[in-house]
Amino acid sequence: MPQKLILIIDDDNRNIFALKAVLKAKGFDCLSAISAQEGFSIMEKHDNVAIVLMDMMMPDMDGYQAIAAMKKSAKMQNIPVLAVTAQAMVGDKERCLSAGASGYVSKPINVDELLMQIENFTK
């Protein structure tokens, strides 16, 4: 059985680098994209993306638009999305979840919380 993949979509390579380092150390395979469009093409090519860590604030297409697009795609609609946001403001979590995210983590990321959510969605 192929290893479950975690796809990180974030327009900041430093965030991708940090997340990949943490997740690889925990035994996860990761792919990354610096835009939602790039993330979509990765999901089209790979059948074993188990979860997407989606930065909500990106240029071009933000996380809210990206989640909406994923929900319309037969291939992507069932892949859980963890919303990652730098603005932990009141109502953010609710806004992300109502947009269709399966879970939510805020930056700076609490690694234990992140891993717990990933485990919940990749059982």
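What you are looking at is a predicted structure, and each value in this text was computed from that prediction instead of being measured. (Residues numbered from 1 in each chain as written. Predicted model: local features only at pLDDT ≥ 70, side-chain atom pairs only at ≥ 80, totals over all residues. Heavy atoms only, no water.)

Chemist: Mind showing me how you'd approach the pairing of strand β5 (residues 103-106) here?
Modeler: Along any regular strand, the residues point their side chains to alternate faces of the sheet. As judged from the four bridges shared by strand β4 (residues 81-85) and β5, these two strands associate in the parallel manner. When the bridges of β5 are listed, Leu82 appears paired with Gly103. In this fold, β4 hands off to helix α4 (residues 92-98), which returns the chain to β5; that crossover is right-handed. (Pairing = 2+ DSSP bridges. Helix = DSSP H or I, 4+ residues; strand = E, 2+ residues; numbered from the N terminus. Right-handed = clockwise from strand over helix to strand, strands pointing away.)

Chemist: Help me out: how do you make sense of the sheet that holds strand β1 (residues 5-9) in this one?
Modeler: In space, the five strands of this open sheet follow the order β2-β1-β3-β4-β5, with parallel pairing throughout. Pairing within the sheet leaves two strands with one partner each, and these edge strands are β2 (29-33) and β5. Strand-to-strand twist of the sheet, defined as the mean angle between neighbouring strand axes without regard to direction, takes the value 20°. Relative to β5, helix α5 (residues 111-121) is tilted by about 165°, and along the sheet it contacts β1, β3 (49-55), β4 and β5. (Axes fitted to C-alpha atoms, helices over the stretch in contact; angles between N-to-C directions. Contact = heavy atoms within 4.5 Å.)

Chemist: Help me out: how do you make sense of the packing of aromatic side chains in this one?
Modeler: Each pair of aromatic rings is reported with the distance of its centres and the angle of its planes. For the structure shown, the criterion picks out zero aromatic pairs. The aromatic ring of Tyr64 is capped on one face by Arg95, whose charged end is 3.9 Å from the ring centroid. (Phe/Tyr/Trp six-rings, centres within 6.5 Å; stacked < 30°, edge-to-face > 60°. Lys NZ or Arg CZ within 6 Å of the ring centre and 35° of its normal.)

Chemist: Can you help me understand the UniProt feature "modified residue: 4-aspartylphosphate" (unreviewed entry) in the protein chain in this one?
Modeler: Following the UniProt record, the feature "modified residue: 4-aspartylphosphate" (unreviewed entry) maps to Asp55 here. Position of Asp55 relative to the elements: it lies in strand β3. The buried category is assigned to Asp55, whose relative accessible area is 4%. Not counting chain neighbours up to four residues away, the residues in contact with Asp55 comprise Ile9, Asp10, Asp11, Gly63, Val84 and Lys107. (UniProt positions renumbered as here; feature names shortened; annotations may be inferred. Buried < 20%, exposed > 50% of the residue type's maximum accessible area, 1.4 Å probe, protein only.)

Chemist: Help me understand the pairing of β1, please; the structure alone is not making it clear to me.
Modeler: In terms of burial, β1 is largely enclosed, as five of its five residues are buried. The two faces of β1 match: Leu5, Leu7 and Ile9 on one face and Ile6 and Ile8 on the other face are all buried. Of the strand pairs in this sheet, β1 and β2 are connected by five bridges, and their pairing is parallel. By the bridge assignment for β2, Leu7 is matched with Leu31. In the sheet, β1 pairs with β3 via five bridges, with the strands oriented parallel. Looking across to β3, one finds that Ile6 is bridged to Ile51.

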